[in-house]
Amino acid sequence: MLEIYGAKLPSRLILGTAQYPSPDTIGEAVRAGGASAVTVSLRRESAQDAAATGPGGKFWSIVRSLGVPVLPNTAGCHTAREAITTAQMAREVFDTNWIKLEVIGNHDTLQPDVFELVEAARILCDEGFEVFPYTTDDLVVAERLLEAGCGILMPWCAPIGSARGPVNLDALRSLRSHFPDVPLIVDAGIGRPSHAATVMELGYDAVLLNTAVARAGAPVYMARAFSAAIKAGRTAWHAGLLEPRDIAVPSTPVIGMATFT
Amino acid sequence: MAELTLVVNGRRAAVSSRSLGALLSELSYEGEWLATAVNGVVVHRDDRATHVLCEGDRIEILSPMQGG
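Residues numbered from 1 in each chain as written. Chains lettered and ligands numbered in written order. Predicted model: local features only at pLDDT ≥ 70, side-chain atom pairs only at ≥ 80, totals over all residues. Heavy atoms only, no water.

### Comments concerning the pattern of salt bridges
Residues and elements named next belong to chain A.
Inference 1: Applying the stated criterion across every chain, the model contains 10 salt bridges over all chains.
Inference 2: As a salt-bridge pair, Asp24 and Lys58 come within 3.1 Å of each other at their nearest N and O atoms. On the criterion of sequence distance, the pair formed by Asp24 in helix 1 (residues 23-33) and Lys58 in helix 3 (residues 57-66) is long-range, its members being 34 residues apart.
Inference 3: Its relative accessible area of 47% is what places Lys58 among the partly exposed residues.
Inference 4: Across the pair Glu102 and Lys100 runs a salt bridge whose closest N-O atoms are separated by 3.4 Å.
Inference 5: It is possible to trace a salt-bridge network through shared partners that takes in Lys100, Glu102 and Asp187. (Salt bridge = Lys/Arg side-chain N within 4 Å of Asp/Glu carboxyl O. Helix = DSSP H or I, 4+ residues; strand = E, 2+ residues; numbered from the N terminus. Buried < 20%, exposed > 50% of the residue type's maximum accessible area, 1.4 Å probe, protein only.)

Okay, here's the thing in structure tokens:
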């Protein structure tokens with residue numbers, strides 16, 4: 001079973017909660033996919049809305065009812081200072097030391113600012129946070145994050161929401177081989193269940209995704225599809241995959257073939 | 001009592017409250033699912049009642065929201 005910061009997660013799918021057609025659909029998708037945790041955020045809310053339905057409204061009521069751990073994020077932060085303050089506020093609201101640390105460095109690609117990310121990770125780890133850093137697939141940055149105290153790495157496989165799937169398998173493979181004992185979760189860029197299966201076949205520990213489920217034609221069915229793909233990829237990795245070869249190798253034995261000439 | 005002019009969640013607001021705790025009540029924010037910061041520094045739940053507000057303070061009041 002996947003263990004992160006001492007917590008045992010019963011599945012290898014973590015789902016985001018944004019962009020669903022309705023709050024009810026979030027709950028149905030999380031249940032259908034068997035997600036072991038969900039990501040949430042903190043945002044301004046008008047006093048009128050907060051007073052009418054309670055802070056967070058129906059969304060938060062449904063997420064609480066799911067009984068799965070929440071992983072608050074620092075989405076939208078562009079500096080270490082912003083991310084640290086957001087993390088501290090999230091800890092107060094959600095009563096968890098978990099924080100998905102996002103520090104965005106580029107508006108077009110939503111690429112992490114890895115310099116601010118490492119700085120924020122160091123400070124938050126020192127403050128007792130259990131940091132889930134959203135990072136690139138850069139090996140040296142990964143080393144710095146681990147040195148900062150992170151117990152897990154969450155590299156992207158493509159830009160957030162792009163649905164492109166793993167664009168640099170070599171880099172993902174390199175991270176896996178360099179850090180065999182560190183939980184690795186692909187976060188961002190997954191568009192299809194086959195993408196999720198692919199990274200799980202590399203030996204990744206879990207997948208975090210949002211848009212591919214939330215914006216699917218039928219999010220609940222898509223959550224189920226991702227769950228199946230993740231399990232398939234994980235099982236395949238355990239089973240041991242063939243390495244690609246440049247030449248054909250007959251699968252049917254040639255010994256004992258009849259001769260007709 | 002003279003009003004204070006604050007910036008609450010990015011909008012100017014004239015209020016009579018002198019503490020962060022009183023401000024939340026004045027603006028009808030209720031419940032435990034809130035986080036607060038003043039001038040970029042977190043003010044924890046237990047400290048809100050005694051946190052004195054000053055003219056021009058920038059207040060952030062945040063609630064749980066969807067996130068990826």
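Alright, that's what it looks like, and here's the rest.
### A few points about a nonpolar patch on the surface
Residue and element names in this part refer to chain A.
Inference 1: On the surface, Val254, Ile255 and Met257 cluster together to form a nonpolar patch covering roughly 380 Å² of accessible area.
Inference 2: Residue placement: Ile255 occurs in the segment after helix 10 (219-239).
Inference 3: The exposure class of Ile255 is exposed, given its relative accessible area of 81%. (Patch = residues over 30% accessible without salt bridge, like charges linked within 9 Å, V, L, I, M, F, W, Y side chains within 5 Å. Areas by Shrake-Rupley, 256 points an atom, 1.4 Å probe, with all protein chains shown as cover.)

### Side note on the nonpolar core
Inference 1: With 68 residues, the main nonpolar core has Leu15, Leu101, Val131, Ile190 and Leu209 of chain A as its most contacted residues.
Inference 2: Per element, the largest residue contribution to this core is 8 residues, and it comes from helix 4 (residues 80-94) of chain A.
Inference 3: In contact with Leu15 of chain A, not counting residues within four places along its chain, are Tyr20, Ala29, Val30, Ala35, Ala37, Val38, Thr39, Leu209 and Val213 of chain A.
Inference 4: Within the second largest apolar cluster, 17 residues are counted, among which are Tyr29, Leu34, Val38 and Val43 of chain B. (Core = buried A, V, L, I, M, F, W, Y, C linked by side-chain atoms within 4.5 Å. Contact = heavy atoms within 4.5 Å.)

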